[in-house]
Amino acid sequence: MKLIECPRDAMQGWHRMISTEEKVNYLQALLKVGFDTLDFGSFVSPKAIPQMADTREVLSRLDLSASRSKLLAIVANVRGAEEAVVHEEINYLGFPFSVSETFQLRNTNKTIAESLEQVQTMQELCIKNGKELVVYISMGFGNPYEDPYSPEIVLRWVDELARMEITTISLADTVGVANPEVITSLFRHLIPAYPRVEFGAHFHSAPHNWEEKVQAAWEQGCRRFDSAIKGIGGCPMAKDELVGNLATENMIWFCQQRQVPLTLDMTALQAAQQLADVVFKD
Ligand SMILES: CC(C)(COP(=O)([O-])OP(=O)([O-])OC[C@H]1O[C@@H](n2cnc3c(N)ncnc32)[C@H](O)[C@@H]1OP(=O)([O-])[O-])[C@@H](O)C(=O)NCCC(=O)NCCSC(=O)C[C@@](C)(O)CC(=O)[O-]
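The present account deals with the structure reproduced in this document. (Residues numbered from 1 in each chain as written. Predicted model: local features only at pLDDT ≥ 70, side-chain atom pairs only at ≥ 80, totals over all residues. Heavy atoms only, no water.)

Concerning the packing of aromatic side chains
- Scanning the model with the defined rule gives eight aromatic pairs in all.
- Measuring from ring centre to ring centre gives 6.1 Å for Trp210 and Trp253, while their planes differ by 80°; the resulting arrangement is edge-to-face. Pair noted here: Trp210 is in helix H9 (residues 210-219) and Trp253 is in helix H10 (residues 248-257), with a separation of 43 residues, a long-range link.
- Trp210 gets classed as buried once you look at its relative accessible area, which sits at 9%. (Phe/Tyr/Trp six-rings, centres within 6.5 Å; stacked < 30°, edge-to-face > 60°. Helix = DSSP H or I, 4+ residues; strand = E, 2+ residues; numbered from the N terminus. Buried < 20%, exposed > 50% of the residue type's maximum accessible area, 1.4 Å probe, protein only.)

The structure is reproduced here in structure tokens:
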């Protein structure tokens, strides 16, 4: 079971500017917990996402010596990927590839077809620099813009990505519209069809329906879940209001109920939760 903690997703749309110092302290606390990966920051336009403008500085101030967590940075164009790959500390670059044309334009100012070309270039950059590219299928369960959506559309784009030898693909419920039926149908098809690809779930979720969504993905063999402490966050490029994230606390409870072994330091987790109360204050 891989738990990917997403402080970047929690912070990127937060209404109060979080200082560099606060970010460093929060990430430092998360690094002690033992998550598989921290989605820690992004190399994107500071005009689009002002909160992430200090990612480079944050990274330079992190002490990674005592942590086994890997680092993932989000990039939204080739320039961001070029800037991210030079950092030795970063293991993964994450690119949001949407199956909704409207969202891909809103999020990256590129069409889906143009973005596929960007994925190809980023994949080459990653391979050359010893990084792995994680591709998110944004709006992977539907979109609020009335763009065409069906599981078949997702399957078609995943197939294109698999042909580019993308090895990690995370299906993202960017605005929280997924239901267990569509989750089941996608993971049931994808996991056996692409044994070389690790499929993950990135569920933006409301407190009332997170469990049925996680359960549906879990039953089909998904073992990679993104979440954020206290369920904070969402993509500010998608909607005016942030949808919220799958709460890490819920994900841990889910695993404990099913005796899924997790190697997290619960004392360090508590410390990070306390710090989250301070970082995510108004
Ligand atoms: C992709 C762009 C830059 C295209 O935006 P653009 O306007 O097409 O870019 P451009 O090349 O025309 O440049 C415009 C300005 O941006 C600057 N710029 C250009 N590139 C960069 C860069 N890499 N780093 C820093 N600055 C950059 C560039 O220098 C210029 O600055 P100006 O001359 O106006 O001062 C923009 O649309 C952008 O930054 N979008 C932000 C995307 C983003 O961070 N979204 C949130 C994260 S993804 C997410 O949350 C979804 C996920 C992962 O959680 C999964 C899910 O739930 O779906």
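Focus on the packing of helix H8 (residues 180-193) against H9
- At a closest axis distance of 8 Å, the pairing of H8 and H9 adopts a crossing angle of 20°. Between H8 and H9, the angle falls in the class roughly parallel. Here H8 runs over H9; the crossing is right-handed. Residues Pro180, Ile183, Thr184 and Phe187 of H8 form the contact with H9, whose participating residues are Glu212, Lys213, Ala216 and Ala217.
- Classifying every residue of the contact of H8 with H9 by side-chain character gives five nonpolar, one polar and two charged. (Axes fitted to C-alpha atoms, helices over the stretch in contact; angles between N-to-C directions. Parallel < 35°, antiparallel > 145°, perpendicular 65-115°, else oblique. Left-handed = near helix turned anticlockwise from the far one by under 90°. Contact = heavy atoms within 4.5 Å. Nonpolar A, V, L, I, M, F, W, Y, C, P; charged D, E, K, R; others polar.)

Things to note about the sheet that holds strand E3 (residues 70-75)
- The eight strands are arranged E1-E2-E3-E4-E5-E6-E7-E8 in a closed barrel whose pairing can be described as parallel. This sheet shows a mean twist of 30° between the axes of neighbouring strands, independent of strand direction.
- The sheet contact formed by strand E5 (residues 132-138) and strand E6 (residues 168-173) spans four bridges and is parallel. Residue pairing across strands places Val135 opposite Ile169, the latter belonging to E6.
- Set on the sheet, helix H5 (residues 101-108) makes contact with strand E4 (92-98) and E5; between it and E4 the angle comes to about 135°. (Pairing = 2+ DSSP bridges.)

Some words on unusual backbone geometry
- Positive phi outside glycine occurs at Glu146, with the angle close to 65°.
- Relative to the assigned elements, Glu146 resides in the loop between E5 and helix H7 (151-163).
- The class of Glu146 is exposed, set by a relative accessible area of 77%.
- The backbone of Lys230 sits at a positive phi, close to 65°, despite the residue not being glycine.
- A relative accessible area of 38% means that Lys230 is categorised as partly exposed.

Quick look at the pattern of salt bridges
- With the rule as written, the count across this model stands at 16 salt bridges.
- Between Asp39 and Arg8 there is a salt bridge, with its nearest N and O atoms 2.7 Å apart. Placement of Asp39 in strand E2 (residues 37-43) and of Arg8 in helix H1 (residues 7-11) is noted, with a sequence separation of 31 residues between them. This pair shows no difference in class: Asp39 is buried, exactly as Arg8 is.
- Across the salt bridge formed by Glu211 and Arg258, the nearest N and O atoms sit 3.7 Å from each other. Taken together, the residues span a long stretch of sequence, with Glu211 in helix H9 and Arg258 in the loop between H10 and helix H11 (266-279) at a distance of 47 residues.
- Looking at Glu211, the relative accessible area reads 29%, which means it is partly exposed.
- A single salt-bridge network, built from bridges that share partners, covers Lys2, Glu198 and Arg224. (Salt bridge = Lys/Arg side-chain N within 4 Å of Asp/Glu carboxyl O.)

Comments concerning the pairing of strand E8 (residues 224-227)
- Burial along E8 is two-sided: the residues Arg224 and Asp226 and Phe225 and Ser227 are all buried.
- With four bridges connecting them, strand E1 (residues 2-5) and E8 associate as parallel partners. Looking across to E8, one finds that Leu3 is bridged to Phe225.
- Pairing of strand E7 (residues 198-203) with E8, which is carried by two bridges, proceeds in the parallel orientation. Across the sheet, the residue bridging to Ala201 is Phe225, located in E8.
- Handedness of the E7-H9-E8 crossover: right-handed. (Right-handed = clockwise from strand over helix to strand, strands pointing away.)

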